[in-house]
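Structural description and commentary
Listed below, chain by chain, are the residues.
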Amino acid sequence: MHVNPAAAEAAILSLSKSPQPYQACRFILERSQVANARFQAAAAIRDAAIREWAFLTGHDRRSLVSFCLHYVMQRASSPEGYVQSKVSAVAAQLLKRGWLDFTAIEKEAFFAEVNQAILGLHGVDVQFIGLIFLESLVSEFSPSTSSAMGLPREFHEQCRKSLELEYLKTIYSWAQAAAVSVANKIIESESEVPETRVCTAALRLMHQILNWDFRYKKNGAETAKTVDAFSAGLTDNSLLASRTEFSVVQPGPVWRDVLISSGHIGWLLGLYGAMRQKFSSKSCWIDCPVAVASRKLIVQFCSLTGTIFLSDDGKLQEHHLLLLLTGIIPWIDPPDAVSKEIESGKSESELLDGCRALLSIATVTTPIVFDWLLKSISPVGTLSLLSTLTCEVVKILMTSCMDEETWSWVARDILLDTWNALLVLIDNSENSLLPPEGINAAASVFTTIIEYELKAASASAFKEEDGSDYFQASVSAMDERLSSYALIARAAIDITIPILTRLLSERFARLYQGRGINDPTETLEELYSLLLLTGHVLADEGKGETPSIPKAILTHFLDITETEKHPVVVLSGFIIGFAEQSLNPEMRAAVFSPRLMEAIIWFLARWSSTYLMPSAESISNNNRSVHDHDLQLQQSRLCCSFCCDSTQGKLVLDLIIRISMTTLISYPGEKELQVLTCQQLLHALVRQKNVCLHVVTLDSWRQLANAFTNDRALFTLHADNQRSLAQTLVLSASGMKVEESNQYVRDLVGPMTSYLVEISDKGDLKSIASLPDVILSVSCLLERLRGACIAAEPRTQRAIYEMGFSIMNSILVLLEVYKNEFAVVYLLLKFVVDWVDGQINFLEPQETATVVNFCMRLLQLYSSHNIGKISLSLSSSLISEAKTETYKDLRALLQLLASLCSKDLVDFSSDSTEAEGTNISQVVYFGLHIVMPLISLEMLKYPKLCRDYFSLISHMLEVYPEMIEQLNSEALSHIFATLDFGLHHQDIDIGDMCLRTLKELACYHHKEAGSGRVGLGSHAAGFRDPDGNFHDGILGQFLRSLLQLLLFEDYSTDLVSAAADALFPLILCEQSLFQRLCNELIEGQANPAFRSRLANALQSLTTSNQLSSTLDRLNYQRFRKNLHNFLIDVRGFLRTV
């Protein structure tokens, strides 16, 4: 190794691929003085054993596991920890590989050795190594951390179930006993002792086990994830923000004696408390491994819930949480003193773990129980402590540098998640579950938060944008944090709404009074933050649905009977009135900066989705979901303030439209503002039909439509906004009668299509086409027409069809002219894709023929120029990101063919017969002939293009396998080459699509041949080339390729079932070839044992489980099982030979 390290390392690495290298590897492990050589030898034992496991004798299997165990035990004091860890991991992996083969007695023998080590009978070092082995074992049996073994998922699940039911609790008890056995030595010692390492490992193992995803009851049945009545408020983790990682622990009643009744938690708290008291003078102690492991385990115990606790109205769990909280309080209380120590240099780890503990407790309790826990032993409740702690952390944030993430940022996020866990269920409940002290606590936190946010906003006013992206980001950047603030505000809504009203009022007044005198920048930034926060408090995000008024708002202010005096109505009107001032040019120039307008537009979009013109059905549905009569009145009162029948509602709607038009025209170049206006605010208005009914009657809406059609200023909008605004304007037609809606769309898009036709008809088009103004005009028109196509609905289908029909020739002319302008070509193709996709299912036969013919002309023209085709000789340049633009048009062509395919699946025309003789499958196959030469295997390395391609190919070959005869040899060869490429693709979905395609092709041929027909005909038959060499047909080629993949290559085990479904009909179609391949495999085995084992496995593959040659569901299931067993038996050693 020292003389020629490279050669030595290569020799050792080759052992991993050598047959039965165990003696050589043992020799290296026992004799080599080079740690890396021993590490590689251990890896080679693992690789070879996993590969050859099926052919190892029971004695060999046991001896390999025993060797690894004995090796690490005998060298427990070795300083080369990474070698020890590797050998321990190999022992764990081999034990798992043989888990279903070893008898119970053999397993017990292994565990008995480990137990002897953990008891400390052979010294502290051996005790530590025993714990490390168990840590590796638990990790191997957990699906999320297990090593790949090339075995089906079912194997891993069986191992997991067995360990969970039979050994996991025992392993936990051993770790517990190991920690107890060394605890006193640690506490009594004045310095670090070897026992500390053992205790740390034991605590870490216990934490790892509690992180286990417990699934099974004692009887082996899978548990339902339910909780008892005490945890009726258990928070769904999906409702919480993703800032903090944590997990709920639900091990079941069988664990009660070990975790609850044994006094184990009290001992753990006592251990940490004793160490904390003794070593507190050492500032670094708090971050030492044993302290960190102890706190992690304590925090994990705070998440314990479910049936492990008795059905005693939660008394046992209350006692459990109170015990934990008592131990945790010193970490975080009093908050001001703790934070002072941290600012003076003490580690923040303990405080952060205390915050995590509060989050865990909040996750498994209701707010009332959470508050009661501390109140039962002190004058204040837990909510008050949480409030004080949150306020202290936020105050520290105010005094720290806001550009840098400090410990207070982390603590703030954890505490906000804690409030989320407590309040998210309250926010969706009719009755407030927060005790009075909790309401005051929430109000206090919200007041501090507002103070912090306003200070932060003010401080950011004069910063350069590159100094901090915290406040200079987009409107949505703070959404997650603001959502948490909103929950806190709603918990004390009686207090927080007036606070927001007062703060906004003060800032509005300050702007009006200081106009032209004082610099408004700080005030504008504060208003920006206040508007975002207010929007989150008053309304929820729709996420595709129409949001309801938050329940927290409905349950308060019930004593206010006059709608106009309702605090929410007052606050909403106050902001809307301020927004109206932006229509005044003088005020707009002096006060309404683009950034402030972003906040206003965002607020109006969010607010209008909830409060503006709710439908009668929506109000009725919401009332049905609210059982209390007073709440129903409150709901109706809030909705009616801005409803369709009120003058106020229509005025607000008109105002919002006028403000939107102002932002689009008066703030050119403000991309973020325009995105909010086009894609959020205006789109929100037309999302609801009841609003559309009134939108289309307003002069302001007609003015917006007219400006969009005729005002050149709006041509400067970004392409996405052009498309979105056109889509919004067309969608508004849902508020009209059918004929009126079609005429409205014609009037809207008519000038655009006329302009596009006018450009395409210019005699000097070729000479002016490359001018920037012309390219801009063409691009804008295409984006707008795309938006109209995307918005197509049955009621406007006729107008959209006429729109596309009128510019068919123009599209072809422009495609010819702009053949070298990739961006324009892409837009032309995308327009056609969107238009065809929205129209094809509604077209009558004659119209279908027209559209299909147009598509064929488009494809031919595209192909004739080789647009997008790149020589494989240039493939080295494809690594450049810019080159991906070249393939967008090819994706569009594939999507176009896929859209045409849908006509055969869904057809809404009045006469769905093919009266005009249009055969969609023939058309698409013709399109494939055109597109195929343009798509190389190199291009298929681009994920999106690859998915679109295989989606189309798999659909065509599955639905129309008989059409394969119509493909020419070049296209056919290309398809089969790409299918083979897809079989080996790392994307599981692509591999699955290819396997489904092979299955359908083989099934089609098998059934056709069985009925005396040709099936795939000459494509399935083998042939001899001019040199006399025999070549398999396509099914034979894929049979070879699939067997090669399954037996010798790497792939996801998730594909095994799909592969079985493809392999079964392939074998039936090519039985003689399959038999020949089997014989070749068997004869290629030099080892007689391997040869015999392989022959038996191949025989079982096609005969076991009463498998027959009928392609039905039952036989597919039988063959899947056979293939799973076959791969387990032979794949390992075949990959070596």
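Worth saying up front: this structure is predicted, and the values here are computed from it rather than measured. (Residues numbered from 1 in each chain as written. Predicted model: local features only at pLDDT ≥ 70, side-chain atom pairs only at ≥ 80, totals over all residues. Heavy atoms only, no water.)

Thoughts on the overall build of the protein
Helix and strand counts for the protein come out as 51 helices and two strands. Put simply, the protein has 1137 residues, and 56% of those count as buried. Within the protein, counting contacts between residues at least 6 apart in sequence, those at least 24 apart form 76% of the total. (Helix = DSSP H or I, 4+ residues; strand = E, 2+ residues; numbered from the N terminus. Buried < 20%, exposed > 50% of the residue type's maximum accessible area, 1.4 Å probe, protein only. Contact = heavy atoms within 4.5 Å.)

Remarks on helix α25 (residues 567–580)
Its 14 residues place the ends of α25 20 Å apart at the C-alpha level, agreeing with the 20 Å of an ideal helix rising 1.5 Å per residue. Taken together, the buried positions of α25 are P567, V568, V569, L571, S572, I575, I576, F578 and A579. (Expected span 1.5 Å × (residues − 1).)

As for the environment of R26
Structurally, the position occupied by R26 is in helix α2 (residues 22–31). Separated by 15 residues in the primary sequence, R26 and A41 place their C-alpha atoms 7.5 Å from one another. Discounting chain neighbours no more than four positions away, the residues touching R26 are S63, L64 and F67.

Here's the deal with the state of the cysteines
Should the sulfur atoms of two cysteines be covalently bonded, the bond is a disulfide. One pass over the full model with this rule turns up zero disulfides. With no disulfide partner, C994 has as its closest neighbouring cysteine sulfur the one in C946, 7.7 Å distant. Exposure remark for C994: the relative accessible area of 1% places this residue in the buried category. (Disulfide = S-S within 2.5 Å.)

As for the packing of helix α4 (residues 58–74) against helix α5 (residues 81–97)
Put simply, α4 and α5 touch, their axes get as near as 9 Å, and they point 155° apart. Relative to α5, the element α4 is oriented roughly antiparallel. Of the two elements, α4 crosses α5, and the hand of that crossing is left-handed. Contacts between α4 and α5 involve L64, V65, C68, L69, Y71 and V72 on the former and, on the latter, V83, Q84, V87, S88, V90, A91, L94 and L95. Along the lines of polarity and charge, the residues of the contact of α4 with α5 split into twelve nonpolar, two polar and no charged. (Axes fitted to C-alpha atoms, helices over the stretch in contact; angles between N-to-C directions. Parallel < 35°, antiparallel > 145°, perpendicular 65-115°, else oblique. Left-handed = near helix turned anticlockwise from the far one by under 90°. Nonpolar A, V, L, I, M, F, W, Y, C, P; charged D, E, K, R; others polar.)

Focus: the pattern of salt bridges
Evaluation of the coordinates by the stated rule reveals 48 salt bridges. With a shortest N-O distance of 3.2 Å, D371 and K375 are connected by a salt bridge. Residue D371 and its partner K375 are located together in helix α17 (residues 367–375), separated by four residues, close to a single helical turn. Take D371: its relative accessible area is 3%, and that puts it in the buried class. Look at K375 and you get partly exposed, because its relative accessible area is 30%. For E506, the salt bridge goes to R502, with nearest N and O atoms at 3.3 Å. Placement of the pair is E506 and R502 together in helix α22 (residues 493–513), with a separation of four residues, close to one helical turn. Accessibility expressed as a relative area gives 35% for E506, which makes it partly exposed. Since its relative accessible area comes to 43%, R502 is described here as partly exposed. Here the salt bridges share partners, and the residues they tie into one network are R502, E506, R507, R510 and E526. (Salt bridge = Lys/Arg side-chain N within 4 Å of Asp/Glu carboxyl O.)

Digging into helix α46 (residues 988–1010)
Across its 23 residues, α46 extends 32 Å between first and last C-alpha, which sits within 8% of the 33 Å expected from 1.5 Å per residue. Looking at the residues trailing α46, positive phi occurs at G1012, about 85°.

Some thoughts on the side chain of E783
Within the fold, E783 resides in helix α37 (residues 772–790). Setting aside residues up to four positions removed in sequence, E783 forms contacts with A719, Q722, R723 and L827.

Structural notes on the packing of aromatic side chains
Where two aromatic rings form a pair, the distance of their centres and the angle of their planes describe that pair. As enumerated under the stated definition, the model contains 27 aromatic pairs in all. Here Y272 and W331 contribute two aromatic rings whose centre-to-centre distance is 5.3 Å and whose plane-to-plane angle is 65°, an arrangement assigned as edge-to-face. Of this pair, Y272 sits in helix α12 (residues 264–279) while W331 sits in helix α14 (residues 315–332), placing them 59 residues apart in sequence. Relative accessible area serves as the criterion here: at 2%, Y272 is assigned to the buried category. By relative accessible area, W331 is classed as buried at 2%. Relative to F578, the ring of F508 has its centre 4.0 Å away and its plane inclined at 15°; by these criteria the two rings are stacked. Here F508 is found in helix α22, whereas its partner F578 is found in helix α25, with 70 residues between them in sequence. Across the pair, exposure class does not vary: F508 and F578 are buried alike. An aromatic cluster is defined as three or more aromatic residues linked by ring pairs; in this entry it consists of W99, F111, F141, Y167 and W174. The ring of W99 has K107 lying over it, and the distance from NZ or CZ to the ring centre is 4.2 Å. (Phe/Tyr/Trp six-rings, centres within 6.5 Å; stacked < 30°, edge-to-face > 60°. Lys NZ or Arg CZ within 6 Å of the ring centre and 35° of its normal.)

Details of unusual backbone geometry
With an omega of 0°, the peptide bond between D333 and P334 qualifies as cis. Looking at where P334 falls in the secondary structure, it is placed in the loop between α14 and α15 (335–343). Look at Q20: it is not a glycine, yet its phi comes out positive at around 45°. As for its placement among the helices and strands, Q20 is situated in the loop between α1 (5–14) and α2. A positive phi angle, close to 60°, is found at N1105, a residue other than glycine. Relative to the helices and strands, N1105 resides in the loop between α50 (1088–1103) and α51 (1113–1134). What makes N1105 partly exposed here is its relative accessible area of 33%.

A word on the environment of E522
Turning to its location among the elements, E522 is positioned in helix α23 (residues 521–538). Taking C-alpha positions, E522 is 9.2 Å from L454, a pair spaced 68 residues apart along the chain. For E522, the contacting residues outside a window of four places in its chain are S458, A461 and F462. In this structure the side chain of E522 is engaged in a polar contact, spanning 2.9 Å, whose partner is the side chain of S458. (Polar contact = N/O pair within 3.5 Å; in protein donor to acceptor, adjacent residues only side chain to side chain.)

Brief notes about the packing of helix α33 (residues 699–710) against helix α35 (residues 738–760)
It is at 9 Å that the axes of α33 and α35 come closest, and there the two elements cross at 25°. The orientation of α33 relative to α35 falls into the category roughly parallel. Counting all contacts with α33, which are made through W701, A705, F708 and T709, the residues of α35 involved are Y744, L748, P751 and M752. Counted by class, the contact of α33 with α35 contains seven nonpolar, one polar and no charged residues.

Let's talk about the environment of A183
Counting through the fold element by element, A183 comes out in helix α9 (residues 168–188). Classification of A183 as buried rests on a relative accessible area of 3%. Here A183 is in contact with W267 and L271, once residues within four sequence places are set aside.

What about the confidence of the model for the protein?
Overall, the predicted model of the protein reaches an average pLDDT of 85, with 88% of residues at or above 70. The secondary-structure element of the protein with the lowest mean pLDDT is helix α28 (residues 616–625), recorded at 53, while helix α13 (residues 289–301) shows the highest, at 96. Confidence over residues 466–475 falls short of pLDDT 50; this stretch has 28 contacts with residues more than four positions distant or in other chains. (pLDDT = per-residue confidence, 0-100.)

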